[in-house]
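Residue-level structure breakdown
Given next are the chains, with one letter for each unit.
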Amino acid sequence: MVSTIAKTEEFVKTNIITRLATVKENPNKDCLDTCKEVYEDAVDAMKKTIKSVDEGNYVEALVHVSAVGSFMGTCKDSIEEIHCDVNPEMTKFEDWSNGVISDATTKIASVAH
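Residues numbered from 1 in each chain as written. Predicted model: local features only at pLDDT ≥ 70, side-chain atom pairs only at ≥ 80, totals over all residues. Heavy atoms only, no water.

As recorded in an unreviewed UniProt entry, the chain goes by Pectinesterase inhibitor domain-containing protein and comes from Solanum lycopersicum.

Under the local residue numbering, the UniProt record ascribes the feature "domain: Pectinesterase inhibitor" (unreviewed entry) to residues 7-92. Spanning residues 7-92, this segment combines 85% helix with 0% strand, and its end C-alpha atoms are found 12 Å apart. (UniProt positions renumbered as here; feature names shortened; annotations may be inferred. Helix = DSSP H or I, 4+ residues; strand = E, 2+ residues; numbered from the N terminus.)

Right, let's get into helix H4 (residues 88-112). Its 25 residues give H4 an end-to-end C-alpha distance of 36 Å, which sits within 8% of 36 Å, the value for a rise of 1.5 Å per residue. Of all the residues in H4, the buried ones are Met90, Phe93, Glu94, Ser97, Val100, Ile101, Ala104 and Ile108. Considering only its buried residues, H4 is in contact with helix H1 (2-22), helix H2 (28-54) and helix H3 (58-82). (Expected span 1.5 Å × (residues − 1). Buried < 20%, exposed > 50% of the residue type's maximum accessible area, 1.4 Å probe, protein only. Contact = heavy atoms within 4.5 Å.)

Here we take up the packing of H3 against H4. Remark: H3 packs on H4, axes separated minimally by 10 Å, with the N-to-C direction vectors making an angle of 160 degrees. Classed by the angle they form, the pair H3 and H4 counts as roughly antiparallel. You can see that H3 and H4 cross each other, and the crossing is left-handed. Residues Tyr58, Ala61, Leu62, Val65, Val68, Gly69, Met72, Cys75, Lys76 and Ile79 of H3 form the contact with H4, whose participating residues are Met90, Phe93, Glu94, Ser97, Ile101, Ala104, Thr105, Ile108, Ala109, Val111 and Ala112. (Axes fitted to C-alpha atoms, helices over the stretch in contact; angles between N-to-C directions. Parallel < 35°, antiparallel > 145°, perpendicular 65-115°, else oblique. Left-handed = near helix turned anticlockwise from the far one by under 90°.)

Taken as a whole and judged by the stated rule, the model has 2 disulfides. Shown here is the disulfide that connects cysteine 31 with cysteine 84, its sulfur atoms set 1.6 Å apart. Here the disulfide of cysteine 31 and cysteine 84 is right-handed, its torsion about the S-S bond being about 60 degrees. Separated by 53 residues along the polypeptide, cysteine 31 in helix H2 and cysteine 84 in the loop between H3 and H4 bring together distant segments of the chain. Two residues, cysteine 35 and cysteine 75, share a disulfide whose sulfurs are 1.9 Å apart. (Disulfide = S-S within 2.5 Å.)

Written out as structure tokens, the structure is:
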């Protein structure tokens, strides 16, 4: 999860913030603003997941991992609902993050029961 935090923060810097600097019109600006905000929220939820796992509170960790998935999904929903332009890096990041969330959920759930 630590590497996931770093990769998400890097993605926000190199893709979202960089694009925000060049995109002035809506709807793309709205989508990028939403994605930036929810990815930052996802990072906070990832940190809470790590803390919960370290404390052995696996049920709480599952709640936080679920929140990570919800935050990440909000970016995708925003893109689809507002009909924003998506670059290949965003699609690749979304696919990667879905895999990480699924994997983390499976691993935490296996020790939670």
